[in-house]
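Examination of the molecular architecture
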Amino acid sequence: MTFEEYAFARTSALVRLARLLTGDEHRAEDLVQDVLAQAYARWGRIARTDRPDAYVRRMLVNAHNSWWRRRSSREIAVAVVLDEAGTMDEADGVAERDALWRLVCALPARQRTVIVLRYYEDLDDTSIAEILACSAGTVRTHASRALAALRQRQLAETLARAGES
């Protein structure tokens, strides 16, 4: 498979993964563009691996982690403010997904990455372990702790809303 074929076939999936990792569509596109540029330079070696997609996903996760480590990139993405108030009626499902996504974004980076790769990218523990360069047991530990934290935060929010009533 040539790099052009790979990029054409997988760019949208890589952007989706990056968007889930970063929480910002524009930063995700920049991140994928940077990773694909790096992959292009190394494509001969990447194409010889058994799973080039896992290799590129790993590059994407590493690039995301590196971006967060830099002091100068502590930008905070904010929701777009609509000019017209009350023009959109949000469904309960959208509100629930948004609330859940806010909880996921509050997780530590490693736990958030495991949750995104497992539930949004539908990868198994072995594939996630390969991408994150850790053992499958470590992946399960991160997933377990992340799910416990999500349950606890969701319970706290539910109790807080019940107390307001």
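So, here is what we can say about the structure in this document. (Residues numbered from 1 in each chain as written. Predicted model: local features only at pLDDT ≥ 70, side-chain atom pairs only at ≥ 80, totals over all residues. Heavy atoms only, no water.)

This brings us to the overall build of the chain. A tally of regular secondary structure across the chain gives eight helices and zero strands. Secondary structure elements in the chain, listed N-terminal to C-terminal, are α-α-α-α-α-α-α-α. Among the 165 residues that make up the chain, the fraction classed as buried is 35%. The long-range fraction of contacts in the chain, counting pairs at least 24 apart against all pairs at least 6 apart in sequence, stands at 59%. When the accessible surface of the chain is split by element, carbon and sulfur atoms take 52% of a total near 10,800 Å². (Helix = DSSP H or I, 4+ residues; strand = E, 2+ residues; numbered from the N terminus. Buried < 20%, exposed > 50% of the residue type's maximum accessible area, 1.4 Å probe, protein only. Contact = heavy atoms within 4.5 Å. Areas by Shrake-Rupley, 256 points an atom, 1.4 Å probe, with all protein chains shown as cover.)

A volume near 170 Å³ is recorded for the second largest pocket. Its residues assigned to classes, the lining of the second largest pocket comprises three nonpolar, two polar and three charged. (1 Å grid on protein atoms, 1.4 Å probe; cavity = no way out; pocket = protein on both sides within 12 Å on 5 of 7 lines; lining within 4 Å. Points joined across faces, edges and corners; volume = space filled by probe spheres on them. Nonpolar A, V, L, I, M, F, W, Y, C, P; charged D, E, K, R; others polar.)

Here the focus is helix α5 (residues 92-105). For α5, with 14 residues, the first-to-last C-alpha span of 20 Å sits near the 20 Å given by 1.5 Å per residue. Considered for burial, the residues of α5 that qualify are Trp101, Leu103 and Val104. Here the buried residues of α5 occupy an arc of 155° about the axis, which is enough to place them on one side. Where the residues of α5 are buried, they touch α1 (3-22), α6 (109-120) and α8 (136-164). (Expected span 1.5 Å × (residues − 1). Arc of directions from axis to C-beta.)

To continue, consider the packing of α6 against helix α7 (residues 125-132). Two elements in contact, α6 and α7, have axes separated by 10 Å at closest approach and are oriented at 135°. With respect to α7, the element α6 is oriented oblique. Along this stretch, α6 crosses α7, giving a crossing that reads as right-handed. Packed against α6, whose contacting residues are Arg110, Thr113, Val114, Leu117 and Arg118, the element α7 presents Asp125, Ile128, Ile131 and Leu132 at the interface. Residue classes in the contact of α6 with α7 are distributed as five nonpolar, one polar and three charged. (Axes fitted to C-alpha atoms, helices over the stretch in contact; angles between N-to-C directions. Parallel < 35°, antiparallel > 145°, perpendicular 65-115°, else oblique. Left-handed = near helix turned anticlockwise from the far one by under 90°.)

Tallying each qualifying case throughout the model produces eight salt bridges. The salt bridge involving Asp53 is made with Arg10; its shortest N-O contact spans 3.1 Å. Of the two residues, Asp53 sits in helix α4 (residues 52-69) while Arg10 sits in helix α1, which places them 43 residues apart along the sequence. The exposure class assigned to Asp53 is buried, which follows from its relative accessible area of 19%. Taking the shortest distance from any N to any O, the salt bridge between Asp125 and Arg140 comes out at 3.6 Å. Note that Asp125 is positioned in helix α7 and Arg140 in helix α8, a separation of 15 residues in sequence. Given a relative accessible area of 46%, Arg140 falls into the partly exposed group. Connected through shared salt-bridge partners, Arg10, Arg16, Asp53, Arg57 and Glu121 make up one network. (Salt bridge = Lys/Arg side-chain N within 4 Å of Asp/Glu carboxyl O.)

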